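Architecture and fold: a report
Here's the letter readout for the chains.
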Amino acid sequence: EKNNNLFKDDVLVVCYRATKKEIEEYNLTSENIVLFIKHKDLKHPLSNNTNYKNLLKKVFKNQPILMRIQCECLLGMYGDSHCDCEKQRLNAIDEIAKNNGIFIHMPQEAQGWGLFYKLKELELQLSGKTQDGKYIGIKNRDEAQKILKGNNKFKDNRSYEIIANILKILGFEKNKIILMSDSKNKIDNLKNNGLDVYSYDEYKEKVINED
């Protein structure tokens, strides 16, 4: 992409299309995983004969990679105030714009349960109503999941093994990855799949609103 407004420069966009098996195995809610790769030495246009894997290995050679894996939150992207997903997304893009790195859009809506589930969960959280309009009382996130999924304990249905596989395909298995996340599960999952991952300590901004 030339002159990407959010990343403040040219960006190499990679779209990975997951197979049906991968969608089921990793609880994806879409087949498309999109990577926005920003580096000062990646400039538009690139030759049609460019070996992208070799180019990426060259420009990021011996460099730590600042990375954000942003799980999809369509309602947050359109202004829902019950999460801070959009604020996190824009903050992460701003950091990558300044420091080079990779922003990954991960299609795992509602912790991997999907958008339709998310809307049913929000209806219970906001109005206390089931899908058929019956009022059963306002529920928190964990209570809503127990009703909708029968889980006694809140379960995050996401997996990041597919991200590790994509990064290895692109040649980043030896790079130190600085992940903008405080999710121990996300960091451990990537480490257990052979990547050298560390938490980005400066990425700590949390936004709390009345909702």
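Presented here is an overview of the structure given in this document. (Residues numbered from 1 in each chain as written. Predicted model: local features only at pLDDT ≥ 70, side-chain atom pairs only at ≥ 80, totals over all residues. Heavy atoms only, no water.)

1. A short note on the layout of surface pockets
For the second largest pocket, the calculated volume is near 180 Å³. In terms of lining residues, the second largest pocket is bounded by Lys57, Phe60, Lys61, Asn62, Gln63, Gly171, Glu173, Lys174 and Asn175. Of the residues belonging to the lining of the second largest pocket, the class tally is 1 nonpolar, 4 polar and 4 charged. (1 Å grid on protein atoms, 1.4 Å probe; cavity = no way out; pocket = protein on both sides within 12 Å on 5 of 7 lines; lining within 4 Å. Points joined across faces, edges and corners; volume = space filled by probe spheres on them. Nonpolar A, V, L, I, M, F, W, Y, C, P; charged D, E, K, R; others polar.)

2. Things to note about the pairing of strand S4 (residues 101-106)
Across the 6 residues of S4, 6 count as buried, placing the element largely inside the fold. With burial as the criterion, each face of S4 is covered, one bearing Gly101, Phe103 and His105 and the other bearing Ile102, Ile104 and Met106. Note that strand S2 (residues 32-38) and S4 share 5 bridges and pair antiparallel. Directly across from Val34, in S4, lies its bridge partner His105. Direction of pairing for strand S3 (residues 65-71) relative to S4: parallel, over a ladder of 5 bridges. When the sheet's bridge partners are listed, Arg68 is paired in S4 with Phe103. (Buried < 20%, exposed > 50% of the residue type's maximum accessible area, 1.4 Å probe, protein only. Helix = DSSP H or I, 4+ residues; strand = E, 2+ residues; numbered from the N terminus. Pairing = 2+ DSSP bridges.)

3. Description of empty space enclosed by the protein
Vacant regions in the atomic arrangement are exposed by a probe of water-molecule size rolled over the atoms. Evaluated as defined, the whole model comprises 1 cavity of 30 Å³ or more. Of the pockets and cavities examined, the largest cavity occupies roughly 40 Å³. Considering the residues around the largest cavity, the lining is formed by Gln70, Cys71, Glu72, Cys73, Met77, Cys85, Glu86, Arg89 and His105. Elements represented by at least two residues in the lining of the largest cavity include exactly S3 and helix H4 (85-99). Here the element with the most residues in the lining of the largest cavity is H4; it accounts for 3 residues. In terms of residue class, the lining of the largest cavity is built from 4 nonpolar, 2 polar and 3 charged.

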